[in-house]
Amino acid sequence: MAERKDSDSRKLLRRLRETLAAPGGGQDRLDQITHHIADSMGTQVCSIYLFRDADTLELCATEGLNPESVHKTRLRLGEGLVGRVARTGRHVNTANAPAEPGFRYMPETGEEIFSSFLGVPIQRVGEKLGVLVVQSRDARQFSEDEVYGLDVVAMVLAEMAELGAFLGTQSDSLPPAHRFPTMFRGATGQEGVAEGRVWLHEPRVVVTNPVADDPQKEKARLGEAVAMLRTTVDSMLAEADMGKGDSAEVMETYRMFAHSRSWMRRMEETIDLGLSAEAAVEKEQSQARARLESAADPYLRDRLHDLDDLSNRLLRILTGQGRDTGAEMPDDPILIARNIGPAELLDYGRKLRGVVLEEGSVGSHAAIVARALAIPLVIHAERITTEALNGDPILVDGDMGIVHLRPEESVAKAFRDKMAMQAEAQSRYAGLRDLPATSTCGTTIQLYMNAGLMADLPSLESSGAEGVGLFRTELQFLTRTRVPRRGELAALYAHVLDNAHGKPVMFRTLDIGSDKVLPYMKPQDEPNPAMGWRAIRVGLDKRGVLRMQLQALIRAAVGRPLYVMFPFVTEMNEFEEAHRLLMEQIAREQRLGHAMPTDVRVGAMLETPSLAFAPRKFFEMCDFISVGGNDLKQFFFAADRENERVRRRYDALNTSFICLLEQILQRCNEARVPVSFCGEDAGRPIEAVTFAALGFRRLSMRPASIGPVKHLIRRTDLSELKAAIDAARAAGETNLRRTVTDWLARN
Ligand code: PEP
Ligand code: MG
């Protein structure tokens, strides 16, 4: 880049910095800035458009256009060349603006005499704030250096806006960044509603010095920080001890980015133009974010995420700003994060009122933990980490997958009404706690709860559940950096049993693989992990961990009954093998002279359609069977339970699925083996009452569902409902939801 250009640019940035430092209102500053930019770029016009609301841009300052149009001229996102720059996040550079597609002439500005146009987005790490435009009379195409230079200026403006430089006497007409009520439409990760204040898992880095005088010094600072970053990344990757395959490749790319010369060179060039090291990093990050938004290829998106992550680390090194900003967590925190691991979420624990993630999935570890903590979770709330600030008021609607950030009072009021209604219903259900779930025809259904954490156990008492029908043991494995020791597990399981106060707890052995990948396990390169090497398949192939877990369970249950169930059994012989392995461990413990559980009951999870057709001997061998409806449904309908597109497409009340459940019940009854249903559907009242009508006598669900399910069962005549279901089936109905809901409404 030419030496003269560099010094011009630095001179301009210095003037901007002086403007920022001088006392005065926001409008004055904007006016001065447009003047300085036009002067430095040699153009007749310089204008600043800022977002008035999420869809509208407003002309906020101009040098060269009609001053009367300031705060009057408005454009919608995508409208005209300015709107195009705002929407795409990319510059528009043309010598003949009226000939550009989408050009829109705004007569009140008097811009018709200006032929050339260069507009660049004013954005800060993905957050769009407005558009900076220069125009001139002569038909001139701006050079690459000029475009780059204006980009740098826009970047500084974005930083100044972030620092509140434009909030002044006329603040109502100036950029209300982070002040609009904004709604995010995501997806349900965990139902429930909550009101609270934002707590950012990773607070934004604040750059207070976008402009710097001494490029050599800034480059040296950048060099030092990058060296530090490289060392951290290298040791992080060495620790991760990656195997081969895709993940190793991905980590290598991460390392490659950290060592990228071109990344470094681009940042150094920006520093030469007058930016500080921090601002140079942010400029790169902003561009990566803009590209990320338009990238459809998931691989490319992941790589851009890596670059974003590296930029964040680098910024934290440069500014010395860690996660701990000294801000105080509000009393009613709603956690906002791009994504979060199960261990980190558990660390926050029950303090949180709710969680909102930009990424995540229904079956992710975070979702499992949120479920265990019984806090609403919304996933896929795109861009919320950019918009939300610590302390912002926020409403989370986990039922609808919607988040209202800085809500209007009317929205907050409607939301509070909904919360009050839910609270009222909960207190009504609390009154049923000690009553049995007996239908009006005299059938009693046992209601159990699902659990996976020590933190779940208090719900056993408060919900009135008769026991834990499914204790998922994955979390203790997922939240550690190494395989937990037998002693640790035995102590934990014993603690669970102590806190169950004699109520039965059905421990399910480790169900890893599929979406639940242990951090210390070599990741498997499987195209379809849900149908891959998971659960009992892993347990039987690599017996060490399963043996250790069984020994821990036996030791924990000394002097009391032990219930063990094996997940994802597909064929009878898998159950036989697992059963034998358990018996061997019991014999071993006896040999070693350890005391024994009073009774050992061994069950299987029925979650693959094939097991419904297993030989009768299988059913006879089991002490109990639990239908894992989440997996059973996904394999029956061939619809991925984690894929938002197809997840809700097939209904548990589809007649074919109901027929499958009825067959399972029949086979279990023939073999006199107790059967329960423990998938998510058991916790939905309509589904629960249908399963009870079919003949399920035990259902296991989230603790919060026990009240509503019990309430409905207690007012239902199950035999009459069964008759209505049979009649609908005979009449050829392919889905029974309508039949059941209509019948319930009438009765
Ligand atoms: C199921 O598949 O229904 C089940 C209860 O197990 P998980 O949800 O843990 O796979
Ligand atoms: Mg399952």
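Model, not experiment: these values are computed from the prediction.

A. Highlighting the sheet that holds strand β12 (residues 377–379). Reading across from one edge, β7-β14-β13-β9-β10-β11-β12-β8 is the order of the eight strands in this open sheet, with mixed pairing throughout. Here the strands that pair on one side only, and so sit at the sheet edges, are β7 (182–185) and β8 (187–190). When strand polarity is set aside, the average angle formed by the axes of neighbouring strands in this sheet is 30°. Note: strand β10 (residues 333–337) against strand β11 (residues 354–357), four bridges, orientation parallel.

B. Broad picture of empty space enclosed by the protein. Overall, the coordinates contain two cavities of 30 Å³ or more when judged by the stated rule. Volume-wise, the largest cavity comes out at about 90 Å³. Counting residues per element, the ones that place at least two in the lining of the largest cavity are α3 (80–88) and β6 (127–136). A per-element tally of the lining of the largest cavity places α3 first, with three residues. Classifying every residue of the lining of the largest cavity gives eight nonpolar, two polar and two charged.

C. Broad picture of the domain arrangement of the protein chain. Partitioning the protein chain into structural domains gives domain 1 (8–163), domain 2 (182–203 + 327–421), domain 3 (215–319) and domain 4 (432–746). Relative placement of domain 2 and domain 4: their C-alpha centres are 28 Å apart. The interface of domain 2 with domain 4 comprises 20 residues on the first partner and 16 residues on the second. In total, about 1,400 Å² of surface goes out of reach between domain 2 and domain 4, with carbon and sulfur atoms giving 60% of it. At the boundary of domain 2 with domain 4, the tally comes to one salt bridge. Taken together, the connections running from domain 2 to domain 4 amount to one residue pair in polar contact (both at pLDDT 80 or more).

D. Spotlight on the coordination of the magnesium ion (ligand 2). The magnesium ion (ligand 2) binds to the protein through E607 (OE) and D631 (OD), with metal-donor distances spanning 2.1 to 2.2 Å. Placement of the pair is E607 in the loop between β20 (599–606) and α20 (609–612) and D631 in helix α22 (residues 629–636), with a sequence separation of 24 residues. Since its relative accessible area comes to 2%, E607 is described here as buried.

E. Fine view of the packing of aromatic side chains. Evaluated as defined, the whole model comprises 14 aromatic pairs. Their ring planes at 75° and their centres at 5.1 Å tell us that F618 and F619 sit as a pair that is edge-to-face. Through a chain of ring-to-ring contacts, three or more aromatic side chains come together here, namely F566, F575, F618 and F619. A cation over a ring is seen here: R534 above F568, with NZ or CZ 4.0 Å from the ring centre.

F. Spotlight on the confidence of the model for the protein chain. In this model, the protein chain carries a mean pLDDT of 88, and residues with pLDDT of at least 70 account for 91%. Taken together, the stretch residues 169–175 has pLDDT below 50 and engages in 21 contacts with residues farther than four places along the chain or on a different chain. Note on residues 241–246: pLDDT under 50 across the span, and seven contacts to partners over four residues away in sequence or across chains.

G. Representation of the environment of P342 in the model. Inspection of the secondary structure puts P342 in helix α10 (residues 342–348). Judged by relative accessible area, which is 12%, P342 ranks as buried. Residues P342 and L478, spaced 136 residues apart in sequence, show a C-alpha to C-alpha distance of 7.3 Å.

H. Broad picture of helix α27 (residues 718–730). The first and last C-alpha atoms of α27 sit 18 Å apart over 13 residues, in line with the 18 Å expected at 1.5 Å per residue. Residues of α27 that are buried: L718, L721, K722, A724, I725, A728 and R729. Along α27, the residues classed as buried sweep out an arc of 160° about the axis, all on the same side. Those residues of α27 hidden inside the fold are in contact with β16 (444–451), α24 (655–670), α25 (685–694) and α28 (737–746).

I. α22, seen in detail. By the criterion of burial, α22 is predominantly enclosed, with seven of the eight residues buried. Taken together, the buried positions of α22 are occupied by G629, N630, D631, L632, K633, Q634 and F635. Contacts from the buried residues of α22 go to β17 (468–472), β20, α20, β21 (624–627), α24 and β22 (675–677).

J. Inspection of the site of ligand 1 at higher detail. Inspection of the region around ligand 1 gives 13 residues, with R472, E607, G628, N630 and R641 positioned closest. Taking G629, its main chain carries an N or O atom lying 3.1 Å from an oxygen atom of ligand 1. Coverage of ligand 1 by the protein amounts to 98% of the 290 Å² it exposes when considered alone. Counting only elements with at least two residues in the shell around ligand 1, the list comes to β17 and α22. Broken down by element, the shell around ligand 1 gets its largest block of residues, three residues, from α22. Residue composition of the shell around ligand 1, by class: three nonpolar, four polar and six charged.

Conventions and cut-offs
Residues numbered from 1 in each chain as written. Chains lettered and ligands numbered in written order. Predicted model: local features only at pLDDT ≥ 70, side-chain atom pairs only at ≥ 80, totals over all residues. Heavy atoms only, no water. Pairing = 2+ DSSP bridges. Helix = DSSP H or I, 4+ residues; strand = E, 2+ residues; numbered from the N terminus. Axes fitted to C-alpha atoms, helices over the stretch in contact; angles between N-to-C directions. 1 Å grid on protein atoms, 1.4 Å probe; cavity = no way out; pocket = protein on both sides within 12 Å on 5 of 7 lines; lining within 4 Å. Points joined across faces, edges and corners; volume = space filled by probe spheres on them. Nonpolar A, V, L, I, M, F, W, Y, C, P; charged D, E, K, R; others polar. Domains from an automatic or database assignment. Contact = heavy atoms within 4.5 Å. Buried area = accessible area lost by both parts, 1.4 Å probe. Salt bridge = Lys/Arg side-chain N within 4 Å of Asp/Glu carboxyl O. Polar contact = N/O pair within 3.5 Å; in protein donor to acceptor, adjacent residues only side chain to side chain. Donors = N, O, S within 2.8 Å, 3.2 Å for Na, K, Ca; no water. Buried < 20%, exposed > 50% of the residue type's maximum accessible area, 1.4 Å probe, protein only. Phe/Tyr/Trp six-rings, centres within 6.5 Å; stacked < 30°, edge-to-face > 60°. Lys NZ or Arg CZ within 6 Å of the ring centre and 35° of its normal. pLDDT = per-residue confidence, 0-100. Expected span 1.5 Å × (residues − 1). Arc of directions from axis to C-beta. Near = heavy atom within 4 Å. Areas by Shrake-Rupley, 256 points an atom, 1.4 Å probe, with all protein chains shown as cover.

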